[in-house]
Amino acid sequence: MSTPTADLLAELAEIGRDPVRGGYSRPGLGEAERELRSWFIEQATRRGLEVELDRNGIVWAWWLPASGDRAGAVITGSHLDSVPGGGAYDGPLGVVSALRAFDLLREANEFPARPLALVVFPEEEGSRFGVPCLGSRLASGALTPERARSLADADGVTFPDAARAAGIDPDAIGPDPERFADIHAFVELHVEQGRGLEDLGQPVAVGSSILAHGRWHVAIRGRGDHAGTTRMQDRQDPVVVLADAILAVREAAEQTPEARGTVGRLRALPGGTNVIASQSDLWFDLRHRDESVVRQLLEQITERIRASGEREGCAVELQEESFSGEVRFDADLRAQLEAALPDAPVLDTGAGHDAGVLAGVIPTGMLYVRNPSGTSHAPDEGTSDDDAEVGSVALATGLEALMR
Ligand code: HGY
Ligand code: MN
Ligand code: MN
């Protein structure tokens with residue numbers, strides 16, 4: 001039998017489906033994310049919330065006390081964009097649960113004891129422009145407006161053009177210290193991206209920390225030529241260096257306890273079967289609790305890629321796309337969530353979130369909801385209808401404790 005949270009989520013089921021990859025492809029500021037954002041705005045407006053789109057493309061839906069004052073607000077929400085071929089829950093579950101938690105709180109109170117805002121952050125995955133948590137990084141000052149304006153997607157669409165299409169003025173983006181100075185707490189609910197709760201037999205957890213993590217882009221330039229007329233000893237093949245780079249990431253991470261290293265995106269240009277590539281690209285993702293270990297891994301990997309480039313006569317260019325140190329969520333906020341949810345275990349995570357970025361400017365915390373497969377960033381990601389509702393009730397309970 002379905003539940004109110006699952007029913008809300010079901011309304012999004014057809015938006016951004018990816019028939020080629022399976023799952024959902026909802027790139028930041030793209031059509032699917034914009035359609036989801038409109039759906040959220042309609043849901044919030046229908047509930048009488050005061051909706052605004054801020055200068056960085058973050059949506060705020062306000063439930064205000066009789067005074068109308070916004071100071072000291074508690075905020076909750078997540079994102080609606082996805083990775084390519086992603087699941088239906090990573091992001092949307094937190095947004096839908098925020099709407100459901102509001103419904104539960106409103107059933108019990110005519111006005112909130114503190115202002116409450118439901119929030120939706122754009123381009124959390126960074127799948128389109130390469131920088132994760134783009135909206136929250138801009139708002140918190142972790143990303144400069146100039147860097148954001150310099151970004152473009154794989155099709156060459158610039159961030160400014162995409163922003164304008166999404167109703168955001170690219171010349172107005174930038175840090176919002178005054179807006180965040182007034183925020184009392186931010187709680188993000190998220191589908192668990194792992195099997196912790198499944199193994200513990202619990203539906204909801206309180207978040208404790210996020211691993212340090214970063215992303216790098218490597219461009220390798222060789223000499224394009226004919227596959228049939230170029231002798232092996234005459235080649236400068238960037239795809240050979242790409243192969244070494246993939247193994248360098250894998251082996252460095254395998255040899256370091258608790259580290260994670262991933263290459264999920266690569267490219268050979270021009271990309272013909274009978275053509276020696278002129279350029280290859282890969283993007284890799286490194287994670288570890290200790291950021292100095294991430295930096296050591298990066299050094300090791302860079303060393304190996306440069307040596308391979310030397311051997312093959314290829315030029316190697318490495319660029320850091322993003323980096324986040326380990327995040328430990330606000331201790332008081334976490335204690336309040338634990339007190340409000342005494343059965344909930346405390347779990348750390350290897351996944352980045354807007355709550356991790358905003359932890360630098362406001363007290364933030366997270367709640368995770370059981371995902372039986374533990375899989376995420378793939379179509380198998382999910383939670384049961386019952387657990388989705390239990391998550392919303394837990395979020396409402398946590399928010400109520402914070403709003404007192
Ligand atoms: O990549 C991450 O950890 C998150 O899903 N954006
Ligand atoms: Mn994700
Ligand atoms: Mn997410």
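Definitions and limits used
- Numbers given for residues are sequential positions, taken from 1 along each chain in its written order.
- Throughout, the order in which chains and ligands are written sets their labels, letters from A for the former and numbers from 1 for the latter.
- Given that the model is predicted, a residue must reach a pLDDT of at least 70 before its local features are reported, and side-chain atom pairs must reach 80 or more before they are shown or counted; all residues, however, enter totals for whole chains, interfaces and linings.
- Water and hydrogen atoms play no part in the side-chain values, which are based on all heavy atoms of the structure.
- Per the annotation, domain bounds derive from an automatic or database assignment of domains.
- Contact between two residues is taken to exist if any of their heavy atoms lie within 4.5 Å; hydrogens are not considered.
- By buried area we mean how much accessible surface two parts lose on assembly, using a 1.4 Å probe and totalling the loss over both.
- Criterion for a salt bridge: a side-chain nitrogen of Lys or Arg within 4 Å of a carboxyl oxygen of Asp or Glu.
- Nitrogen and oxygen atoms within 3.5 Å of one another constitute a polar contact, given that in protein one can donate a hydrogen and the other can accept it, and given that sequence-neighbouring residues count only through two side-chain atoms.
- In this listing, donors mean N, O and S atoms no farther than 2.8 Å from the metal, or 3.2 Å for Na, K and Ca; water is missing from the atoms, so a site can look incomplete.
- Each helix is a run of H or I in the DSSP string that is no shorter than four residues. Each strand is a run of E no shorter than two, and both are numbered from the N terminus.
- Residue burial is assigned from relative accessible area. The probe radius is 1.4 Å, only protein chains are included, and a residue is buried under 20% of its type maximum, exposed over 50%, and partly exposed in between.
- The rule for pairing is simple: two strands pair if DSSP sees at least two bridges between them.
- Both cavities and pockets are sets of points on a 1 Å grid over the protein atoms alone; in a cavity a 1.4 Å probe fits but cannot get out, in a pocket the set is open with protein on both sides within 12 Å along at least five of seven lines, and lining residues sit with an atom within 4 Å of a point.
- Grid points are joined across faces, edges and corners, and a volume is the space filled by probe spheres set on the points.
- Only heavy atoms are used to decide nearness, and a residue is near a molecule or strand if one of them lies within 4 Å of it.
- Where accessible areas are quoted, they stem from the Shrake-Rupley method and a 1.4 Å probe; at the residue level, only the protein chains shown are allowed to cover.
- In the scheme used here, Gly and all other residues not listed as nonpolar or charged are polar, with Ala, Val, Leu, Ile, Met, Phe, Trp, Tyr, Cys and Pro taken as nonpolar and Asp, Glu, Lys and Arg as charged.

(A) Structural view of the domain arrangement of the protein chain. When its domains are assigned, the protein chain resolves into domain 1 (5-211 + 326-403) and domain 2 (213-324). Computed over C-alpha atoms, the centres of domain 1 and domain 2 are 33 Å apart. On the domain 2 side, the residues contacting the 17 residues of domain 1 number 13 residues. For the pair domain 1 and domain 2, the summed buried area comes to about 1,200 Å², and 35% of that belongs to carbon and sulfur atoms. At the surface where domain 1 touches domain 2, the tally comes to two salt bridges. For glutamate 326, the salt bridge is made with arginine 289, and the minimal N-O distance between the two is 2.5 Å. At the junction of domain 1 and domain 2, the tally comes to seven residue pairs in polar contact (both at pLDDT 80 or more).

(B) Structural view of the coordination of the manganese ion (ligand 2). For the manganese ion (ligand 2), the full set of protein donor atoms is Asp90 (OD), Glu125 (OE), Glu125 (OE) and His377 (NE2), at a range of 2.1 to 2.8 Å. Within one chain, the residues serving as donors to the manganese ion (ligand 2) are arranged as D-x34-E-x251-H. For the pair the manganese ion (ligand 2) and the manganese ion (ligand 3), the metal-to-metal distance amounts to 3.5 Å, and aspartate 90 bridges them. With aspartate 90 in the loop between strand S3 (73-79) and helix H3 (92-108) and glutamate 125 in the loop between strand S4 (116-121) and helix H4 (134-140), the pair connects residues that are 35 residues apart, well separated along the chain. Given a relative accessible area of 5%, aspartate 90 falls into the buried group.

(C) Highlighting the pairing of strand S5 (residues 183-191). Most of S5 sits inside the fold, with eight of its nine residues counted as buried. Pairing between S3 and S5: four bridges, direction parallel. In the strand pairing of S5, threonine 76 is matched with valine 187. When S5 meets strand S15 (residues 364-369), the two strands line up parallel, connected through six bridges. Across the sheet, residue histidine 190 finds its bridge partner in S15, namely tyrosine 368.

(D) How the structure looks around empty space enclosed by the protein. Counting across every chain of the model gives two cavities of 30 Å³ or more. Considering only enclosed or pocket space, the largest cavity measures out at about 80 Å³ in volume. Lining the largest cavity, in full, are Leu29, Glu33, Arg34, Arg37, Gly57, Val59, Leu80, Val120, Phe121, Pro122 and Ala166. Within the residue set of the lining of the largest cavity, elements represented by two or more residues are helix H2 (31-46) and S4. If you tally residues by element for the lining of the largest cavity, the top one is H2, at three residues.

(E) Spatial organisation of the coordination of the manganese ion (ligand 3). Taken together, His79 (NE2), Asp90 (OD) and His190 (NE2) make up the full set of protein donors to the manganese ion (ligand 3), lying 2.1 to 2.2 Å away. Written as a sequence motif, the donor residues of the manganese ion (ligand 3) are H-x10-D-x99-H. On the basis of relative accessibility, which here comes to 0%, the residue histidine 79 falls in the buried class.

(F) Inspection of the site of ligand 1 at higher detail. All residues adjacent to ligand 1 are Glu124, Glu125, Gln193, Arg215, Arg287, Ala351, Gly352 and His377. Residue arginine 287 places a side-chain N or O atom 2.7 Å away from an oxygen atom belonging to ligand 1. When ligand 1 is considered free in solution it has 210 Å² of accessible area, and contact with the protein chains removes 94% of it. The residue makeup of the shell around ligand 1, split by class, is one nonpolar, three polar and four charged.

(G) Broad picture of the side chain of threonine 349. Locating threonine 349 in the fold gives a position in strand S14 (residues 346-349). There is a polar contact of 3.0 Å between the side chain of threonine 349 and the backbone nitrogen of alanine 351. Setting aside anything within four residues of it in sequence, one finds threonine 349 in contact with Ser209, Ile210, Leu211 and Tyr368.

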